[in-house]
Amino acid sequence: MNKAIQALLTGMLITFVLDFFLFLGIFLHYTEHYEVGIYYNVLFADNQNWYLYFILSILLGYISVYVKNSKVSIIPLLLLALLTLLTLFKDIGYMAGETILMKKNATLKSAKHTYTGDIIYDGREKITFYSYNLEKIITLQKKDLLK
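Residues numbered from 1 in each chain as written. Predicted model: local features only at pLDDT ≥ 70, side-chain atom pairs only at ≥ 80, totals over all residues. Heavy atoms only, no water.

Draft legend 1. Region of interest: the packing of helix α1 (residues 3-31) against helix α4 (residues 70-85). One can describe the packing of α1 onto α4 by two numbers: an axis separation of 8 Å at closest approach and a directional angle of 25°. The angle between α1 and α4 places the two elements in the roughly parallel class. From α1, Ile14, Leu18, Phe21 and Leu22 reach across to α4, where they touch Leu77, Leu80, Ala81, Thr84 and Leu85. Residues of the contact of α1 with α4, tallied by class, amount to 8 nonpolar, 1 polar and no charged. (Axes fitted to C-alpha atoms, helices over the stretch in contact; angles between N-to-C directions. Helix = DSSP H or I, 4+ residues; strand = E, 2+ residues; numbered from the N terminus. Parallel < 35°, antiparallel > 145°, perpendicular 65-115°, else oblique. Contact = heavy atoms within 4.5 Å. Nonpolar A, V, L, I, M, F, W, Y, C, P; charged D, E, K, R; others polar.)

Here's what the structure looks like:
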């Protein structure tokens, strides 16, 4: 197998494992905290940044296959693994989910109402929303909202 292809595939595998644990922490400590009601696979697929995924895949593949010094190649991989595994702790997983998924101070309009609050999760068909006026979490259908 060509060494470049081997590096790319190795990088993609490493990045996939890192992403798995990142989104697992977000799923366990953010989406379940707010009872969003989505499956892990949907969360993973819908919120994946594909540009970042391929850049990391190339970078990590290069580090793991082409760098001859094992200390130089293992240290960044272990640091990234530690950072993504930290999301399995409740506070860090919640903070990562809030950073990636939450949009604060959003205004949504439907035909009858205007909602002001935080978008907790913007899904395929529904938006989980914390309304400042109602002081509770509500679920809004995207088809009912004005653009």
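Now, onward.
Draft legend 2. Focus on the sheet that holds strand β3 (residues 126-131). What the 4 strands build is an open sheet, ordered β1-β2-β3-β4; its pairing is antiparallel. Two strands close off the open sheet at either side, each with one partner strand: β1 (103-109) and β4 (136-141). With direction set aside, neighbouring strand axes in the sheet form an average angle of 45°. Pairing analysis gives 5 bridges linking β1 to strand β2 (residues 114-122), with the strands arranged antiparallel. Bridge pairing in β2 places threonine 107 opposite threonine 116. (Pairing = 2+ DSSP bridges.)

Draft legend 3. Seen up close, helix α3 (residues 50-66). For α3, with 17 residues, the first-to-last C-alpha span of 23 Å sits near the 24 Å given by 1.5 Å per residue. Listed in full, the buried residues belonging to α3 are Tyr53, Ser57, Leu60, Gly61, Ile63 and Val65. Those residues of α3 that are buried lie in contact with α1 and α4. By the N-cap criterion, in which a side-chain oxygen at the helix start approaches the backbone nitrogen of a residue two or three places on, α3 is capped by asparagine 49, the distance to tyrosine 51 being 3.3 Å. (Expected span 1.5 Å × (residues − 1). Buried < 20%, exposed > 50% of the residue type's maximum accessible area, 1.4 Å probe, protein only. Polar contact = N/O pair within 3.5 Å; in protein donor to acceptor, adjacent residues only side chain to side chain.)

Draft legend 4. Local environment of the side chain of histidine 29. Within the fold, histidine 29 resides in helix α1. Engagement of the side chain of histidine 29 in a polar contact is seen with the backbone oxygen of leucine 88, the distance being 2.9 Å.

Draft legend 5. Expanded view of unusual backbone geometry. Its identity as a non-glycine residue notwithstanding, asparagine 105 has a phi of 55°, on the positive side. Structurally, the position occupied by asparagine 105 is in strand β1. The exposure class of asparagine 105 is exposed, given its relative accessible area of 58%. The backbone phi angle of glutamate 135 is positive, close to 55°, even though this residue is not glycine.

Draft legend 6. Main features of a nonpolar patch on the surface. A contiguous nonpolar patch, built from Leu83, Leu86, Phe89, Ile92 and Met95 and spanning about 470 Å² of accessible area, is present on the exposed surface. Relative to the assigned elements, leucine 86 resides in the loop between α4 and α5 (90-101). (Patch = residues over 30% accessible without salt bridge, like charges linked within 9 Å, V, L, I, M, F, W, Y side chains within 5 Å. Areas by Shrake-Rupley, 256 points an atom, 1.4 Å probe, with all protein chains shown as cover. Salt bridge = Lys/Arg side-chain N within 4 Å of Asp/Glu carboxyl O.)

Draft legend 7. Spotlight on the nonpolar core. Grouped together as the largest cluster of nonpolar side chains are 15 residues, with contacts concentrated most on Ile26, Tyr30 and Leu43. Among the elements that line this core, the one with the most residues is α1, at 4 residues. Apart from the residues within four sequence positions on either side, tyrosine 30 is in contact with Gly25, Gly93, Tyr94, Gly97, Glu98, Leu101, Met102 and Ile120. (Core = buried A, V, L, I, M, F, W, Y, C linked by side-chain atoms within 4.5 Å.)

Draft legend 8. Broad picture of the pairing of β4. In this structure, β3 lies alongside β4, joined through 6 bridges in antiparallel fashion. Counted as the bridge partner of serine 131 is lysine 136 from β4. As consecutive antiparallel partners, β3 and β4 are separated by 4 residues, and within that stretch glutamate 135 has a phi angle of approximately 55°, a positive value.

Draft legend 9. Broad picture of α5. Between its terminal C-alpha atoms α5 stretches 16 Å, which fits the 16 Å expected from 12 residues at 1.5 Å a residue. Among all positions in α5, only Gly93, Ala96, Gly97 and Leu101 are buried. Buried positions in α5, seen along its axis, are confined to an arc of 100° and lie on one side of it. In α5, the exposed positions that point more than 90 degrees away from the buried face belong to Asp91 and Thr99. The elements touched by buried residues of α5 are α1, α2 (40-46), β1 and β2. (Arc of directions from axis to C-beta.)

Read these as layout, nothing more, since geometry by itself doesn't imply function.
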